[in-house]
Amino acid sequence: MTENGTGSEKLNAEALAENPAVDAAYDENQIQVLEGLEAVRKRPGMYIGSTDARGLHHCVYEIVDNAIDEALAGYCTEILITLHKDGSVSVKDNGRGFPVGIHPKMGRPAVEVCLTVLHAGGKFGGQGYKVSGGLHGVGASVVNALSRHLRVEVRQDGKVYEQEYNIGKIEYDLRVIGETQETGTTVRFWPDIRSEENPGGVFDPGIDFSYDVLKVRIREMAFLNKGVKLVLRDERPEEPFERVFHYEGGIREFVKYLNKNKEVLFPEPIYVEGVKNGVMVEVAMQYNDSYTENIYAFANNIHTPEGGTHLMGFQSALTRAINDYGRRYKIIKEADANLKGEDTRESLAAVISVKMPEPQFEGQTKSKLGNSEVRPIVDGLVSEGLSTFLEENPAVARGILDRCLGAARAREAARKARDLTRRKSVLESASLPGKLADCAERDPAKCEIFIVEGDSAGGSAKMGRDRHTQAILPLRGKILNVEKTRLDKILLNQEIKNMITAFGCGIGQEFNLEKLRYHRIVCMTDADVDGAHIRILMLTFFYRYMPELIKQGYVYSAMPPLYKVTKGKQEYYVYNDEELQALLDRLGRDTKADIQRYKGLGEMSSEQLWQTTMNPETRTMKRFELSDAIAADEIFTLLMGDKVEPRREFIEQNAKLVAETDLDL
Ligand code: 1YM
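Residues numbered from 1 in each chain as written. Predicted model: local features only at pLDDT ≥ 70, side-chain atom pairs only at ≥ 80, totals over all residues. Heavy atoms only, no water.

A. The arrangement of the packing of aromatic side chains in detail. Scanning all chains against the criterion turns up 12 aromatic pairs. Centroid distance phenylalanine 503 to phenylalanine 542: 5.8 Å. Interplanar angle 50°. Geometry classified as tilted. Taken together, the residues phenylalanine 503 in helix α16 (residues 494–503) and phenylalanine 542 in helix α17 (residues 529–545) connect sequence positions 39 residues apart. Consider the rings of phenylalanine 541 and phenylalanine 542, whose centres lie 5.9 Å apart with planes at 50°: the pair is tilted. There is no split in this pair, since phenylalanine 541 and phenylalanine 542 are both buried. (Phe/Tyr/Trp six-rings, centres within 6.5 Å; stacked < 30°, edge-to-face > 60°. Helix = DSSP H or I, 4+ residues; strand = E, 2+ residues; numbered from the N terminus. Buried < 20%, exposed > 50% of the residue type's maximum accessible area, 1.4 Å probe, protein only.)

Written out as structure tokens, the structure is:
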């Protein structure tokens with residue numbers, strides 16, 4: 001492992017005050033500091049992505065990343081993240097502590113330089129793995145610039161040092177405040193949130209740290225860095241609480257977690273690890289009883305949803321190893337074609353994690369690993385590891401092959417079914433489903449389709465709509481639960497076929513966003529439990545077979561009113577119980593208001609449906625977001641999968657959530 005880069009220059013804080021070189025370098029340092037700060041404050045988005053809640057949480061990750069790097073270097077085992085009552089967050093680690101020695105060029109303590117000079121962190125750390133995070137250890141100064149206040153504490157060589165900053169500017173020189181036998185670093189920061197009292201703040205007003213949001217990333221970090229204990233503590237509620245994330249099994253436990261509500265083909269995930277040319281590779285995988293593929297790839301602890309060379313290496317090795325084994329033991333018949341990649345990935349949960357010195361992130365969202373040397377490295381390690389596993393575990397190998405062969409047969413059947421479903425040309429409207437009342441407009445950006453529960457509501461919607469831009473597709477009763485059905489059967493389902501044909505964009509591997517005919521897909525179901533269930537079934541289908549629709553923000557839920565209140569000649573539509581109470585208060589409780597509770601969309605006239613639910617000028621709609629894929633997969637598996645007990649628990653805990661489907665995906 002590397003030595004402390006500033007070790008030979010190490011001075012303590014008292015010596016600093018007497019060192020003439022310090023003053024000489026100070027001016028230059030200050031100029032750099034101010035320029036750096038200004039750049040960050042001017043364009044915070046460039047450094048943390050955005051100034052909304054997402055950017056705010058990003059700041060925590062930047063600091064945690066530095067502690068994780070220290071853990072990967074072999075010096076830190078525990079990281080405590082605390083959400084404080086006063087709106088600040090602190091991150092404490094038990095590593096070596098930020099270097100406090102004087103930085104040779106800057107003439108200031110290294111910790112100060114790291115926290116005040118943009119891009120300083122990377123320059124004088126050693127050659128060790130600077131692995132975590134997108135900013136490679138330079139994040140601390142960015143967080144400092146975006147904090148109204150920040151305090152760093154370093155425990156090192158028997159002493160406790162501290163320094164504080166305001167909007168990145170030093171409040172006082174690094175000083176010794178006590179003695180300790182411990183080592184480590186604590187960074188606590190108060191983000192600079194805009195408000196009436198603080199109009200110059202950078203973050204959007206009213207935002208706050210969310211325990212649940214942080215939890216997801218902290219848990220992921222704990223899975224990806226085996227053995228490191230991460231504790232997330234929330235001191236804001238009356239009764240503070242904390243959760244420990246600590247996985248000795250690392251990504252093996254990650255895969256078990258992904259499969260936790262599914263039946264698995266074999267109890268322990270297959271695990272492969274190795275290092276080659278400075279690239280550390282870890283892969284864990286386990287088949288389950290679903291029909292979907294659930295693979296997460298990471299490079300330097302960063303999720304790469306667009307994939308890249310590490311994922312390609314894994315996929316080619318997987319396909320080859322399984323085909324080779326199948327041929328060798330004649331499980332794949334001589335006359336039969338090889339299994340395709342997709343056949344070997346059906347019902348597979350897997351995590352691929354690579355750690356390397358200089359990752360190149362490419363693609364639209366900079367979330368695709370580009371380094372070409374990684375592919376053969378992952379391919380080689382996985383081929384070897386997986387082949388050995390299959391040879392040593394013939395019963396499991398047999399199970400895997402049976403499953404893949406089943407997938408191949410279903411793929412063939414699905415292809416035939418799909419050929420019948422696919423629209424031959426966009427103009428050939430004859431092939432659109434008969435139940436669809438299409439709109440006249442052809443520009444998808446202006447078109448919306450309402451998927452309506454029941455024929456009678458469908459009828460009202462057809463009459464009430466704006467024919468120019470609004471299409472209506474009625475669905476009969478419940479649609480198929482795709483979570484429990486393989487693709488070939490799914491494609492025989494009439495309601496599903498209607499949706500696929502109407503949307504025009506295909507599904508699964510053949511999905512093509514450009515062919516989508518509507519940019520707003522609106523689930524319009526009754527405001528009751530059955531309606532919520534139908535909506536979940538629709539969303540499950542979209543999530544599994546057209547996830548891009550949700551990712552693009554094209555999927556909505558209509559919000560029909562729950563009540564109509566009539567008083568005299570005045571009519572009011574009310575969308576929830578709180579609103580109802582407020583309205584009744586306003587009207588005066590003693591008066592004779594007539595309250596009608598809508599049991600279903602079918603009870604509304606076409607005019608009412610238009611006015612309350614469909615008219616773009618007056619309606620409210622809820623957009624579904626897919627902010628956390630793992631949580632979404634979990635929820636869908638739970639709600640739609642086979643295991644009854646966890647589902648019952650979830651529904652009990654979230655009864656209101658499910659009934660109203662405020663399910664935040
Ligand atoms: C609460 C956040 O930042 N811990 C931390 C950071 C550093 C070190 C140890 C460290 C690194 C090295 C040597 C090295 C950093 N040091 C630097 C720099 N926790 C937190 N713990 N000694 C200590 O990389 O060689 C950057 S980060 F650049 F000063 F070395």
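B. α17, seen in detail. Taking 1.5 Å of rise per residue, the 17 residues of α17 would be expected to cover 24 Å, and the 24 Å separating its terminal C-alpha atoms lies within 8% of that figure. Burial of α17 is extensive: 14 of the 17 residues sit out of reach of the surface. (Expected span 1.5 Å × (residues − 1).)

C. Highlighting the sheet that holds strand β17 (residues 448–453). Taken together, 5 strands build an open sheet; the order of strands is β18-β17-β19-β20-β24 and the sheet is mixed. Every interior strand has two partners, whereas the edge strands, β18 (470–475) and β24 (621–623), have only one. For this sheet the average axis-to-axis angle between neighbouring strands, irrespective of direction, equals 25°. In this sheet, β18 lies alongside β17 in parallel orientation, the contact comprising 6 bridges. Looking at β18, one finds that glutamate 453 is bridged to leucine 475. On the sheet, α16 packs against β17, β18 and β19 (520–524) and is oriented at approximately 165° with respect to β18. (Pairing = 2+ DSSP bridges. Axes fitted to C-alpha atoms, helices over the stretch in contact; angles between N-to-C directions. Contact = heavy atoms within 4.5 Å.)

D. Examining the environment of glutamine 470 more closely. Residue placement: glutamine 470 occurs in strand β18. C-alpha of glutamine 470 to C-alpha of alanine 437: the two residues are 33 residues apart in sequence and 8.6 Å apart in space. The contacts of glutamine 470, once residues within four sequence positions are left out, are Ala437, Cys439, Glu448, Phe450, Arg465, Trp610, Met614, Pro616 and Arg619. Among the polar contacts listed, one links the side chain of glutamine 470 to the side chain of glutamate 448, at a separation of 2.7 Å. Here methionine 614 takes part through its backbone oxygen, which lies 3.1 Å from a polar atom of the side chain of glutamine 470. (Polar contact = N/O pair within 3.5 Å; in protein donor to acceptor, adjacent residues only side chain to side chain.)

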